[in-house]
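# Observations on the three-dimensional arrangement
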Amino acid sequence: MQRNGGGVGVGGQTWVLRRVRLTWLSFMLFFILVFFPLIAHYYLTTIDEAGGPDKRIFGPRPGGELCEAKHVQDLCRIRESVSEELLQLEAKRQELNGEIARLNLRIEACKRSIDSAKQDLLQLKNVISQTEHSYKELMAQNQPKLSLPVRLLPDKEDPGLPPPKSVRSCRLRSCFDYARCPLTSGFPVYVYDTSSYPWGNNLDPLVKQAFATSVKSNIYVTDNPSIACLYLVLVGEILESSPLPSPSELEKQLKALPYWRSDGHNHVLVHFSRKSMTQNFLYNVSTGRAAVAQSTFLEQQYREGFDLVVSPLVHALSEPNFLEVPPQVPVKRKYLFTFQGERVESLRSSLQEAPPQSFEEELEGDPPADYDDRIIGTLKAVQDSHLDQVLVEFTCKNPKPSLPTEWALCGEREDRLEVLKASTFALVIAPGDGQLVASAGCGMRLFEALEVGSIPVVLGDHSRLPYHQFIRWTEAAIIVPKPRVTELHFLLRSISDNDMLAIRRQGRFLWETYFSTSENVLNTILASIRTSIQVPAAPIKDEPAHEIPHKAGKLAGTDANLADNGDLDLGPVETEPPYASPRFLRNFTYTAADTYRAWNKAPGPFHLFPHTPLDPVLPSEAKFLGSGTGFRPIAGGSGGSGKEFQAALGGNVPREQFTVVMLTYEREEVLMNSLERLNGLPYLNKVVVVWNSPKPPSDDLLWPDIGLPIVVVRTEKNSLNNRFLPWDVVETEAVLSIDDDAHLRHDEIMFGFRVWREARDRIVGFPGRYHAWDVNHQSWLYNSNYSCELSMVLTGAAFFHKYYAYLYSYVMPQAIRDMVDEYINCEDIAMNFLVSHITRKPPIKVTSRWTFRCPGCPQALSHDDSHFHERHKCINFFVKVYGYMPLLYTQFRVDSVLFKTRLPHDKTKCFKFI
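Here is what the cut-offs are and how they apply
- Residues numbered from 1 in each chain as written.
- Predicted model: local features only at pLDDT ≥ 70, side-chain atom pairs only at ≥ 80, totals over all residues.
- Heavy atoms only, no water.
- Disulfide = S-S within 2.5 Å.
- Buried < 20%, exposed > 50% of the residue type's maximum accessible area, 1.4 Å probe, protein only.
- Phe/Tyr/Trp six-rings, centres within 6.5 Å; stacked < 30°, edge-to-face > 60°.
- Helix = DSSP H or I, 4+ residues; strand = E, 2+ residues; numbered from the N terminus.
- Lys NZ or Arg CZ within 6 Å of the ring centre and 35° of its normal.
- Expected span 1.5 Å × (residues − 1).
- Arc of directions from axis to C-beta.
- Axes fitted to C-alpha atoms, helices over the stretch in contact; angles between N-to-C directions.
- Parallel < 35°, antiparallel > 145°, perpendicular 65-115°, else oblique.
- Contact = heavy atoms within 4.5 Å.
- Nonpolar A, V, L, I, M, F, W, Y, C, P; charged D, E, K, R; others polar.
- Pairing = 2+ DSSP bridges.
- Polar contact = N/O pair within 3.5 Å; in protein donor to acceptor, adjacent residues only side chain to side chain.
- Patch = residues over 30% accessible without salt bridge, like charges linked within 9 Å, V, L, I, M, F, W, Y side chains within 5 Å.
- Areas by Shrake-Rupley, 256 points an atom, 1.4 Å probe, with all protein chains shown as cover.
- Salt bridge = Lys/Arg side-chain N within 4 Å of Asp/Glu carboxyl O.
- Core = buried A, V, L, I, M, F, W, Y, C linked by side-chain atoms within 4.5 Å.

Under the counting rule described, the total for this entry stands at four disulfides. Residue Cys170 pairs covalently with Cys175 via a disulfide, S to S 1.9 Å. Residues Cys170 and Cys175 are joined by a disulfide whose S-S torsion is about -85 degrees; by sign, that bridge is left-handed. A relative accessible area of 0% means that Cys170 is categorised as buried. We classify Cys175 as buried; its relative accessible area is 0%.

Our next topic: the packing of aromatic side chains. Overall, the coordinates contain 39 aromatic pairs when judged by the stated rule. Summarising the aromatic geometry, the rings of Trp473 and Phe515 are spaced 6.0 Å apart at their centres and angled 5 degrees between planes, so their arrangement reads as stacked. Placement of the pair is Trp473 in the loop between strand E13 (455-459) and strand E14 (478-480) and Phe515 in helix H13 (residues 497-515), with a sequence separation of 42 residues. Phe515 carries the same exposure label as Trp473, and that label is buried. Through pairs of rings, three or more aromatic residues link up here, namely Tyr467, Phe470, Trp473, Phe509, Tyr514, Phe515, Trp599 and Phe606. If you follow Arg655 out to its NZ or CZ, it ends over the ring of Tyr579, 3.9 Å from the centre. A cation over an aromatic ring shows up here: Arg871 above the ring of Tyr782, its NZ or CZ 4.3 Å from the ring centre.

Its 15 residues place the ends of helix H9 (residues 371-385) 22 Å apart at the C-alpha level, agreeing with the 21 Å of an ideal helix rising 1.5 Å per residue. What H9 keeps buried is the set Tyr371, Asp372, Ile375, Ile376, Thr378, Leu379 and Val382. Projected onto a plane normal to the axis of H9, the buried residues spread over an arc of 165 degrees and lie on a single side. Following H9 by one or two positions, His386 adopts a phi angle in the positive range, close to 60 degrees.

All right, on to the packing of H13 against helix H14 (residues 518-532) then. Two elements in contact, H13 and H14, have axes whose closest approach is 6 Å; the angle formed by their N-to-C orientations is 85 degrees. One element, H13, and the other, H14, form an angle in the roughly perpendicular class. Facing H13, whose interface residues are Glu512, Thr513, Tyr514 and Phe515, H14 presents Asn520, Val521 and Thr524. Here the contact of H13 with H14 is built from residues that sort into three nonpolar, three polar and one charged.

What links the strands of a sheet is backbone hydrogen bonding, and the strands pair in either a parallel or an antiparallel sense. Read across the sheet, five strands follow the order E1-E2-E3-E4-E6 without closing on themselves; strand pairing throughout is parallel. In the strand order of this sheet, the two ends are held by strand E1 (189-191) and strand E6 (308-309), each with one partner. Taken together, the two bridges between strand E4 (residues 291-294) and E6 define a ladder with parallel strand orientation. Across the sheet, Ala293 pairs through a bridge with Leu308, a residue of E6.

Now for helix H24 (residues 866-882). Over its 17 residues, H24 extends 25 Å from the first C-alpha to the last, a length consistent with the 24 Å expected when each residue adds 1.5 Å. Those residues of H24 that are buried lie in contact with H13, strand E23 (768-774), strand E24 (779-783), strand E25 (792-793), helix H22 (814-823) and helix H23 (827-839). Once H24 finishes, Gly883 follows within two positions and takes phi at roughly 90 degrees, a positive value.

A word on the side chain of Thr612. Checked against the element boundaries, Thr612 lands in the loop between helix H17 (595-600) and helix H18 (643-646). A polar side-chain atom of Thr612 sits 2.7 Å from a polar atom in the side chain of Asp615. Setting aside anything within four residues of it in sequence, one finds Thr612 in contact with Glu733, His801 and Tyr803.

Our next topic: the sheet that holds strand E22 (residues 764-765). Read across the open sheet, the nine strands follow the order E15-E20-E18-E17-E21-E26-E22-E27-E28; overall the sheet is mixed. Edge positions in the sheet fall to strand E15 (546-547) and strand E28 (893-894), since each has one partner strand and no second. Across five bridges, strand E18 (residues 684-691) lies against strand E20 (residues 710-714) in parallel orientation. Bridged to Val687 within E20 is Ile710. Contacts from helix H20 (residues 746-758) reach strand E17 (658-664), strand E21 (734-739), E22, strand E26 (797-801), strand E27 (844-846) and E28, with the element oriented near 30 degrees to E26.

A word on unusual backbone geometry. Each neighbour pair has its own omega, and for Val329 with Pro330 the value is 5 degrees, a cis peptide bond. Cis peptide bonds are those with omega within 30 degrees of zero, and the linkage from Ala602 to Pro603 qualifies with 10 degrees. Along the chain, Pro603 falls in the loop between H17 and H18. Positioned with a positive phi, Asn266 is a non-glycine residue whose angle comes to about 65 degrees. Tracing the sequence through the fold places Asn266 in the loop between helix H6 (247-255) and strand E3 (267-271). The backbone phi angle of Ile824 is positive, close to 50 degrees, even though this residue is not glycine. Note on placement: Ile824 falls in the loop between H22 and H23. Judged by its relative accessible area of 43%, Ile824 falls in the partly exposed class.

Mapping Thr732 onto the fold places it in the loop between E20 and E21. Separated by 2.7 Å, the side chains of Thr732 and Thr659 make a polar contact. A polar contact is formed between the side chain of Thr732 and the backbone oxygen of Ala734, at a distance of 2.8 Å. Other than its neighbours up to four places away in sequence, Thr732 contacts Tyr579, Ser581, Gln657, Phe658, Thr659, Asn685 and Lys802.

This paragraph deals with the environment of Ile838. In this structure, Ile838 sits in helix H23. Using a relative accessible area of 22% as the deciding quantity, one classes Ile838 as partly exposed. Not counting the four nearest positions on each side in its chain, Ile838 is found in contact with Ala602, Tyr804 and Leu807.

Right, let's talk about the environment of Asn126 for a bit. Along the chain, the position of Asn126 falls in helix H3 (residues 70-140). Measuring from C-alpha to C-alpha, the distance between Asn126 and Ala648 comes to 8.1 Å, with 522 residues separating the pair along the chain.

Here Thr194 lies in the loop between E1 and helix H5 (205-216). Residue class for Thr194 comes out buried when judged on its relative accessible area of 14%. Sequence separation between Thr194 and Ala212 is 18 residues, and the spatial gap between their C-alpha atoms is 9.2 Å. If near-sequence neighbours (up to four positions away) are discounted, Thr194 is found in contact with Gly200, Asn201, Leu203, Lys208 and Leu234.

A separate point is a nonpolar patch on the surface. The grouping of Leu29, Phe30, Phe31, Ile32, Leu33, Val34, Phe35, Phe36, Leu38 and Ile39 at the surface amounts to a nonpolar patch, some 1000 Å² of accessible area in total. Here Leu38 shows up in helix H1 (residues 2-50).

The subject of this paragraph is the nonpolar core. The biggest cluster of nonpolar side chains holds 140 residues, and the ones touching the most others in it are Phe187, Phe515, Ile525 and Phe878. Tallying contributions element by element places H24 first for this core, with seven residues. With sequence-adjacent residues up to four places away left out, Ile525 is seen in contact with Val270, Phe272, Ala293, Leu308, Val310 and Tyr467. Residues Phe645, Leu736, Phe799 and Val846 belong to the second largest nonpolar core, which totals 47 residues.

Next comes the structure, spelled out in structure tokens:
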């Protein structure tokens, strides 16, 4: 126990001693580390101060005395050496940084050069490919390129024709001398002077004056009878106070005409009717091989396919006021149908005394005299039923003189028109005598109904309506056989509003085009004969461009922002040489094979166009099986995207280019910038600048060189209509109408061009607008707000076919162009009205762009406060002229096929941003 306790006591003492030692050592170490430096510092400082300022060791010394200390000299030398090396290294670093920057710039320049070279190489490959295609097509071509044909004229010596079996059997093939009218003759027409034949002095003065005025403005009339294809003789209307020549006397007078040539071949005897009771004094007159054009024919007199039923001459000298014509809507008017007339007693009185015939017997022969009594009874029953409001009157206070068995017109023309303006349908009852196949009275009723938009209902399918060989009257009138008169009421009530408006609109077209003026009537007579003998119409004229000389300056650069499409080329820049669209390829087929469309669709058969947007399209396989001239299928026909797509136009029509038409007015800097942005644009043929200012461009103005012709056209006056003149320097079907301050990227233009190629009959553009109905004022408003529905595309940035430039300038009513000049506004609205009226289709908007003005450009006319008020007025005025609102709404826009489509990594979209 003691040992153990002693052991413990010794161990505790040892542990205490160790703790003491450690504490002492720690204290000493602390003293040395803390107090020794303090004591040393104090000691040295004291010595330094005692030795004076010249003997200081640590204080500052003047000059280089510090380095004089031997033990510091080495350190000074090292410091100086290091400082010098550091300065050298810094200079070297800056030099290397500058070199690196220069090399980076060179690298970027090289990259751009490589990209540009790749683009140039790709374009060159495309141009080479296009050239190879063109060369192969030229070598394999076996069809000549047609253009306006050389005019061929007939021989002065007329060998004559073999006589037909009888004059009644005259047809064009037997009684018309085709040798005098070659296909390329131009259809020269010689018109006899009314004073050169005896009965000329007895003609109605109004008819003579209207005929002379129409002849003077006709493009086919020639003063040289030896080259004439056709000879016109005005034979009526004769004054009521003048005695009619006997048939034998009239035959002698006709044969005495200087170019009658014994039988009158290639002559047309024209008889204009201004009254319902017109003298058919050519009846029982042997006219030989001369055709007759008049409003009244008996069956034994009329030679089908040779003679011509024409419309009466209502407006002899006065022009119809289109603003007074009632609108085509509302569809249904006050009366369902109307008829006012008094039956003229028939000369065939024996029919009245004949016993009644059965219904089957009536169908086999001529209707009996009491057939009109059944019509009267049926129509009166409808009126008395009061199911619909109708107006039928079979007695007149002052009936107009009419032919036997015909229904006489009641009252004055103005009174009849007022009734027809309130009529949805207008009855035209054919004469009771089936031998009277055409009459001036029926023609007058038809004319008045069409004039005011009352749908004609012709009772009697045996009647020959004017120009029935070419006009499809079933699209403009309701033709009902007389035996169906009991079902007439039901039939008229069953017609839908859509059909009624379509019929009414077609009737308005026929009236405006063929019947409204004496000039139109004469043009229609000549067009009928010209179409029958298959001679093409005269080509419509181009507007001659009077160029303003200008000098080109520096080469224009390409704005990368305007031409950016990623790593894709937008197509070949076909500049060697510019490729014009083929012209007049359908001279003969448009006349001979497309007669229906030429006569029954606007603008009518009076002009030959170099090309139209309605030309037929080949089936897809034809371009690979013998008809591939001009076609550029994508990837040779295998299709594709990206580079394959951009390398060819593809589509359903051959390759082509487009022309930019840019209207400008004294904004030279803006114009130059816009022209520069067109540099490098693929498929561009040329740029036509319409200089709309009377002040010429500055003499020192340098125009950009964009590698293509820039034609500056001087205009006669400042008119926005000049934008749509069919300039002769525009040699392509596709026209890009663009304002001088419009900002469009190249890919946007190319996409719009490709879309237009698939919708050639429509306006394809960028900024959309629409017409809105003002409920309070019951009128139309022009609206430019963002909308999911549009009806117009502004032509400040739009593609259209040159065909519409012809229609705008030469066919569209002059009142519309006059209003555009009056307001210096609305030309784009007028073009949208025109195209929608012709096609009955809305325009096509492409891409999401809603505006296209450039930032910072001078203020345009559209920023004026009155701009929108004028456009409201324009829309409502244009509606009055057309008679209805032609604009149609659309709720879609067009983007690229692969837009927002996820593609594999090895595939490329058609366009990067569209």
